[in-house]
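# Inside the fold
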Amino acid sequence: MSKRSSCDGFQQSAVSVPVFTGSFDSVVFWLRGDGAIWCCCCSALHFMHWGEPVYIILMLVSILVSYTGGILVDRFLRQGRSRLARVALIGSSVVSLSLLGFFKYADFVIGTVNSLTGSELGLLKLALPIGISFYTFQTMSYTIDVYRGEAKVQKNLISFGAYVTMFPQLIAGPIVQ
């Protein structure tokens, strides 16, 4: 068995991404309504699968937390229970920021503890999930907007998932208006 070179992944991506994008565009063009939304969400998750398959679970957890947070915030606000709406918003935000913080800063914290205490805890050396900062703040801003009354609550989980996972947005970076 021969080892794959780092160029193999690039060559595969160089061909696969345009083929994937062209196929995606063609299918969405012919689909309407919920079919197009399902296609968008599934295609985006497939695209994320190329980066690191296990991190799809992280994205799905983030989507579920913010979706549920938005539903709860809306329900509590409609019931006049603003304190519980604030608790739901804070809870959703804490979970989202905890996931982001763990992946971005776990090794920094471990290294700092090692330096301060002389211990030799092993670093986790986790790869940073594709777009984690972007989709974390995107989902949090949705829940905050629902709380402020600036956005309507999304009652369709697949539509919300498509909004979060759309791959052109995830790789665009922080400049989104």
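All values derive from a computational prediction rather than experimental measurement.

### Considerations on the overall build of the protein
Scanning the protein from terminus to terminus reveals seven helices and zero strands. Reading the protein from its N end, one meets helices and strands in the order α-α-α-α-α-α-α. Here the protein holds 177 residues, and the buried ones make up 33% of them. If you take every contact in the protein between residues at least 6 apart in sequence, the share linking residues at least 24 apart comes to 68%. Surface summary for the protein: the accessible area is close to 11,200 Å², and the carbon and sulfur share equals 65%.

### Considerations on the environment of alanine 85
Within the fold, alanine 85 resides in helix H4 (residues 82-117). Put simply, alanine 85 and arginine 75 are ten residues apart on the chain and 7.8 Å apart in space, counted from C-alpha to C-alpha. Contact partners of alanine 85, with chain neighbours within four places excluded, come to Val73, Phe76, Leu77 and Tyr147.

### What to know about the side chain of serine 66
Inspection of the secondary structure assignment puts serine 66 in helix H3 (residues 55-78). Filtering out sequence-adjacent residues up to four positions away, serine 66 remains in contact with Ser92, Ser96, Thr139, Met140, Tyr142, Thr143 and Phe160.

### Overview of the pattern of salt bridges
All told, the structure shown has one salt bridge when counted by the stated rule. Put simply, aspartate 74 and arginine 78 hold a salt bridge, and the shortest N to O gap is 3.0 Å. In this pair, aspartate 74 and arginine 78 both sit in helix H3, four residues apart, roughly one turn of the helix. By relative accessible area, arginine 78 is classed as exposed at 60%.

### Thoughts on the packing of aromatic side chains
Scanning the entire structure with this criterion turns up five aromatic pairs. Taken together, a centroid distance of 5.3 Å and an interplanar angle of 90° make the contact between phenylalanine 102 and phenylalanine 103 edge-to-face. Taking the relative accessible area as the measure of exposure, phenylalanine 102 reaches 42% and is therefore partly exposed. Note on phenylalanine 103: relative accessible area 16%, which makes it buried. Within the aromatic cluster, the residues linked to one another by ring pairs are Tyr67, Tyr142, Phe160 and Tyr163.

Criteria and cut-off values
- Residues numbered from 1 in each chain as written.
- Predicted model: local features only at pLDDT ≥ 70, side-chain atom pairs only at ≥ 80, totals over all residues.
- Heavy atoms only, no water.
- Helix = DSSP H or I, 4+ residues; strand = E, 2+ residues; numbered from the N terminus.
- Buried < 20%, exposed > 50% of the residue type's maximum accessible area, 1.4 Å probe, protein only.
- Contact = heavy atoms within 4.5 Å.
- Areas by Shrake-Rupley, 256 points an atom, 1.4 Å probe, with all protein chains shown as cover.
- Salt bridge = Lys/Arg side-chain N within 4 Å of Asp/Glu carboxyl O.
- Phe/Tyr/Trp six-rings, centres within 6.5 Å; stacked < 30°, edge-to-face > 60°.

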